[in-house]
Amino acid sequence: MTQLEAAADLSAVKERTTREIEGLREQLLSISRTIHANPELSWEEYKAAALVADTMREAGFDVELGAYGVETAVEAVYGDGDLTVIICAEYDALPGVGHACGHNVICAAGVGAALGLAKVADDAGLRVVLLGTPAEEHGGGKVSLLEAGAFEQADFSMMVHGMTATPEMTGDSHSARGMSSTAVDRFEVTYTGLTAHAAAVPELGINASNAAVLALNAFAMLRQHLPKETNLNAFISHGGEATNIIPDRTVVQVELRAYDLEVWREMKKKVLRCFEAGAIATGCTWEWAPTEHPYAPVLSDEVLAGLWDVNFAARGRTIDTEVRLGGGSTDMGNVSQVVPAIHPLVTFRGADAPPHNPAFTAIAVSPAADEALMDGAVSMAATVLDVALTPELRADFKARKAARPAGATQAEFSS
């Protein structure tokens, strides 16, 4: 086959896949709206996971609900080609504000891409895996799935994430190369002191709350001496029982973010010294423990990102190649560190509400979000087909997988 014939064949398969996905529009929008109307927190996404599992099963996929020992994870597989793509679908919500990060759109777009690809999987030599990944907002469902071996099969992986417009954008959508995220580490510090009557014999007590207050003041002072592109936050989640009892137990929740892994790890050492100082000053004992999986920064695959930008532009999007967008964190970062992957952003055009805000919750089921959902599903499918039906790209991704040592995707990531 000549290059011209190969290009024509790729174009025809893409067009067929696009028609398939467009034909599923009402079903995909229904999935998005159903998940949006029934927000479920991390690790509790039972309705969303069941909806995804049922949808994929009805489409002929081999489906496992509770995949890899994760109760609200879904693995749906179609095709027996020798090139495996994992499309990730998130569906957890936020406390209080529901789907204020648009995971309903993420999920439905992933389902749409997988269903469209299933129609051409045999022709493209594909094995299509839709992986329902819980607990992105808090917990790290993809990390649990990585550790259990879910991504060992992947030649590459992808997902899309909705967003609203930002003032600095010159186009209406960001380049996939412009997606960046921070590493994040979440842990808790527990101080243990000694109770005593706060008025009668305070001298006999050891105040665990004072230890936390002193530590958080040191924590605040540390900010001035950290690189600018870092972020650290903390709050006291348990500080005492009553005003007339010296508190003997205080717990502090801590979150540390940075784009650079070495900066992130060094920052943690300094932060832990702040908490140690609180213990020393008050005479408390202290300990710290992780509360969630750490997240790594997103490492966008240059090949996949370039293909995505072309396919997204073909949907009528104007791609901004200059502005980088980041600040948040995602467990897709951990996937991207061990498997070629992208996490592009699909803009809800004309909307400007900040994420994790009730106004964003409303926008996540707006016509703009519906448009982003469809554009994301079609662009993901087209990007997969570019790899599958371009011999040199297919060979590249297969070679990269072959060079990956067994168990490499299960490596633990930590701060």
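Above this text sits the structure in question.
Throughout this description, residue numbers start from 1 for each chain and increase along the sequence as written. For a predicted model such as this one, the threshold for reporting local features is a pLDDT of at least 70, and the threshold for listing and counting side-chain atom pairs is 80 or more; totals across whole chains, interfaces and linings nevertheless cover every residue. Remark: hydrogens and water are excluded; side-chain values derive from all non-hydrogen atoms of the structure.

Visitor: Any details on the overall build of the chain? Residues and values, ideally.
Guide: Only DSSP runs of H or I covering at least 4 residues are called helices, and only runs of E covering at least 2 are called strands; the numbering of each starts at the N terminus. Scanning the chain from terminus to terminus reveals 13 helices and 14 strands. The globule rule is 2.2 Å times the number of residues to the power 0.38, and the radius of gyration it is compared with is taken over C-alpha atoms. Taking 2.2 N^0.38 as the reference for a compact globule, 415 residues should give roughly 22 Å; the C-alpha atoms of the chain span a radius of gyration of 24 Å, in line with that estimate. Partitioning the intrachain contacts of the chain with sequence separation of at least 6 by distance along the chain shows that 81% fall at a separation of at least 24. Accessible area for the chain stands at about 16900 Å²; split by element, carbon and sulfur atoms hold 54% of it. Of the charged side chains in the chain, 30 are positive and 55 negative, and the gap between their average positions amounts to 3 Å. Working rule for contacts: check all heavy atoms of both residues, and any pair within 4.5 Å makes them a contact. Residue exposure ignores everything except the shown protein chains as possible cover, and the areas themselves are Shrake-Rupley values with a 1.4 Å probe. Asp and Glu are treated as the negative residues and Lys and Arg as the positive ones, with His and the ends of the chain left uncounted. For the purpose of locating charges, the reference atoms are NZ of Lys, CZ of Arg, CG of Asp and CD of Glu.

Visitor: Could you give me a rundown of unusual backbone geometry, with the residues and numbers involved?
Guide: Phi angles above zero are rare outside glycine, and W43 is one such case at about 70°. Relative to the elements of secondary structure, W43 occurs in the loop between helix 2 (25–37) and helix 3 (46–58).

Visitor: I'd love a proper account of the environment of K398, names of residues and values included.
Guide: Within the secondary structure, K398 sits in helix 13 (residues 391–403). With 244 residues separating them along the chain, K398 and A154 place their C-alpha atoms 9.6 Å apart. Leaving out residues up to four positions away in the same chain, K398 has contacts with D82, L83 and D155. Within the local environment of K398, its side chain forms a polar contact with the backbone oxygen of D82, the two atoms lying 2.6 Å apart. Whenever a nitrogen or oxygen atom comes within 3.5 Å of another N or O atom, the pair is scored as a polar contact, on the condition that within protein one atom can donate a hydrogen and the other can accept it, and that pairs from neighbouring residues in sequence are kept only if both atoms are in side chains.

Visitor: Lay out the packing of aromatic side chains with the relevant residues and their values.
Guide: What counts as a ring pair is set by centres within 6.5 Å for rings of Phe, Tyr and Trp (its six-membered ring), and what kind of pair is set by the plane angle: stacked under 30 degrees, edge-to-face over 60, tilted for all other angles. If you walk through the whole model with that rule in mind, you get seven aromatic pairs. Pairing F61 with Y78 gives two aromatic rings, centres 5.2 Å apart and planes at 50°, and the pair type is tilted. Within this pair, whereas F61 is found in the loop between helix 3 and strand 1 (62–65), its partner Y78 is found in strand 2 (residues 74–78), the two being separated by 17 residues in sequence. Assessed through its relative accessible area of 4%, F61 is described here as buried. Pairing F219 with F275 gives two aromatic rings, centres 6.0 Å apart and planes at 55°, and the pair type is tilted. Taken together, the residues F219 in helix 7 (residues 208–222) and F275 in helix 8 (residues 261–282) connect sequence positions 56 residues apart. Both residues of the pair, F219 and F275, count as buried. Positioned above the aromatic ring of Y295, the side-chain terminus of R186 is 6.0 Å from the ring centre. When the NZ atom of lysine or the CZ atom of arginine is within 6 Å of a ring's centre and also within 35 degrees of its normal, the charge is said to sit over that ring. Stacked on the ring of F397, the Lys or Arg R400 has its end atom at 4.4 Å from the ring centre. Think of it in three bands: with a 1.4 Å probe and only protein chains considered, a residue is buried below 20% of the maximum accessible area for its type, exposed above 50%, and partly exposed in between.

Visitor: Describe the sheet that holds strand 13 (residues 341–342), with residues and values.
Guide: Paired through their backbone hydrogen bonds, the strands of a sheet run either parallel or antiparallel. The pairing criterion for strands is at least two bridges between them, as found by DSSP. The sheet built from six strands is open, its strands ordered 1-2-4-3-5-13 with mixed pairing. At either margin of the open sheet sits one strand with a lone partner, and together these are strand 1 and strand 13. Where strand 1 lies against strand 2, four bridges are found, and the strand directions are antiparallel. Paired with L65 across the two strands is V74, which belongs to strand 2. Fitted lines through C-alpha atoms serve as axes, helices being fitted only where they are in contact, and the angles separating the N-to-C directions of these axes extend from 0 to 180 degrees. On top of the sheet, helix 4 (residues 103–118) reaches strand 2, strand 3 (83–89) and strand 4 (126–132); it is set at about 155° to strand 3, its chief contact.

Visitor: Describe the state of the cysteines, listing the residues and the values that go with them.
Guide: Two cysteines whose sulfur atoms are joined by a covalent bond form what is called a disulfide. Only a pair of cysteine sulfur atoms within 2.5 Å qualifies as a disulfide here. Following the criterion strictly, the structure yields zero disulfides and no others. Between C88, a free cysteine, and C107, which holds the nearest cysteine sulfur, the sulfur-to-sulfur gap is 11 Å.

Visitor: Before we move on, could you go through the pattern of salt bridges and cite the residues and values that matter?
Guide: Salt bridges are defined as contacts in which a side-chain nitrogen from Lys or Arg sits within 4 Å of a carboxyl oxygen from Asp or Glu. Applying the stated rule across the entire model yields 21 salt bridges. A cluster of three or more residues bridged by salt bridges with shared partners is formed by E22, R315, R317 and D375.

Visitor: Mind laying out the environment of S414, listing which residues take part and the relevant values?
Guide: Locating S414 in the fold gives a position in the segment after helix 13. You can call S414 partly exposed: its relative accessible area is 37%. Distance in space between the C-alpha atoms of S414 and A100 is 28 Å, their sequence separation being 314 residues. Non-local contacts of S414, meaning those with residues more than four positions away in its chain, are made with W264, R265 and P294.

Visitor: Hey, could you go over helix 4 for me, with residue numbers and the actual values?
Guide: Given the number of residues in a helix, its expected span is that number minus one, multiplied by 1.5 Å. The terminal C-alpha atoms of helix 4, which comprises 16 residues, lie 23 Å apart, in line with the 22 Å expected from a rise of 1.5 Å per residue. Within helix 4, 16 of the 16 residues are buried, which leaves the element mostly enclosed by the surrounding structure.

Visitor: Please set out the packing of helix 12 (residues 367–389) against helix 13 residue by residue, giving values where relevant.
Guide: The angle between the axes and the distance between the axes are what describe a pair of packed helices. Here helix 12 crosses helix 13 at 90°, and the two axes come no closer than 5 Å. Considered as vectors, helix 12 and helix 13 are oriented roughly perpendicular to each other. Facing D386, V387, A388 and L389 of helix 12, the residues of helix 13 in contact are P391, L393, R394 and F397. Throughout this entry, Asp, Glu, Lys and Arg are counted as charged residues, while Ala, Val, Leu, Ile, Met, Phe, Trp, Tyr, Cys and Pro are counted as nonpolar. The remaining residues, Gly among them, count as polar. Tallied by class, the residues present in the contact of helix 12 with helix 13 amount to six nonpolar, no polar and two charged. What sets the label is the angle itself: under 35 degrees gives roughly parallel, over 145 gives roughly antiparallel, 65 to 115 gives roughly perpendicular, and the rest give oblique.

Visitor: Before we move on, can you summarise the pairing of strand 2 with the specific residues and values?
Guide: For a regular strand, side-chain orientation follows a simple rule: the groups alternate between the two sheet faces. Within strand 2, four of the five residues are buried, leaving the element largely enclosed by the surrounding structure. In this sheet, strand 4 lies alongside strand 2 in antiparallel orientation, the contact comprising five bridges. Bridge pairing links A76 to L130 in strand 4.

Visitor: I'd like a rundown of the side chain of S144, residues and numbers included.
Guide: Summarising the element assignment, S144 is placed in helix 6 (residues 141–147). Judged by relative accessible area, which is 19%, S144 ranks as buried. At 3.0 Å, the side chain of S144 and the side chain of H293 are in polar contact. In this view, S144 contacts W43, V70 and H293; residues no more than four positions away in its chain are not counted.

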